[in-house]
Amino acid sequence: MLVEYGEIYKLNDDTVGWIRIDGTELDYPVMQTPDEPNYYLYRDFEKKDSARGSVYAREECDINEPSDNITLYGHNMRDGSMFATLNDYVYKETWENNPLIFFDTLYEYHVYKIFAVFKTEASIDKGFKYHNMIDASSKEDFDNFISTAKRLSFYDTGITPQYGDKIICLSTCEYTLENGRLVMAAYRIS
């Protein structure tokens, strides 16, 4: 275990990593509770009730293996905290100036590059189900996921991840759609 994350893990063993985007307020531990989905939706790092909750990974995702796509959830807070930074990424200029996400596991440092930023509905029978693609069943499955994310994206980044690349999707609420989600998709570059 990496030294700096070992101390954090001792404070809360639901910690599975750390996520940050330089130059933003997004700089948080990532939690996961496979047996209790959404446990951290309204709980802080100390497991106390909190309107802002914590950044947490979808329960089925394997952080360390890792899954082909890891979905991370965080609230879209008006004070700019948690995943509110995603709102800035609907503008290509923000992406051009700051396209990298640092998402470390407890054991390894990783850098991801954003390839799509999109909004979708999260209703049962509507929208792109980005969070359901955890491990691609085939190259076609992976390619369909990537092409849908790129087609929905607010702008073209010119980046197309290839089958075998590892993806993360940062997901937060979006308020122009009914039950909307704003998603930032990135692929691992190191």
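None of the values given here were measured: they were computed from a predicted structure. (Residues numbered from 1 in each chain as written. Predicted model: local features only at pLDDT ≥ 70, side-chain atom pairs only at ≥ 80, totals over all residues. Heavy atoms only, no water.)

Observations concerning the pattern of salt bridges
The condition that has to hold: We define a salt bridge as a side-chain nitrogen of Lys or Arg found within 4 Å of a carboxyl oxygen belonging to Asp or Glu. Secondary structure is summarised from DSSP: a helix means a run of H or I of at least four residues, a strand means a run of E of at least two, and numbering begins at the N terminus for each. Note on classification: 1.4 Å probe, protein chains only; a residue is buried when its accessible area is under 20% of the maximum for its type, exposed when over 50%, partly exposed between these limits.
A full pass over the atoms with the stated rule returns nine salt bridges. Across the pair Lys 10 and Glu 7 runs a salt bridge whose closest N-O atoms are separated by 3.4 Å. Linking Lys 10 with Glu 7, this pair stays in helix α1 (residues 3-11), spanning three residues, or about one helical turn. For Lys 10, a relative accessible area of 65% gives the class exposed. Residue classification places Glu 7 among the partly exposed residues on the basis of a relative accessible area of 47%. One salt bridge in this structure joins Asp 14 and Lys 47, with 3.5 Å as the shortest N-O distance. Remark: Lys 47 occurs in the loop between β2 (27-31) and β3 (55-57) and Asp 14 occurs in the loop between α1 and β1 (15-20); sequence separation between them is 33 residues. When its relative accessible area of 15% is taken as the criterion, Asp 14 is described as buried.

Observations concerning the state of the cysteines
Just so we agree on the cut-off: Throughout, a disulfide means two cysteine sulfur atoms within 2.5 Å of one another.
This structure, assessed with the given rule, holds zero disulfides. Unpaired in this structure, Cys 61 has its nearest cysteine sulfur neighbour in Cys 169, at a distance of 9.3 Å. The class for Cys 61 is buried, based on a relative accessible area of 5%.

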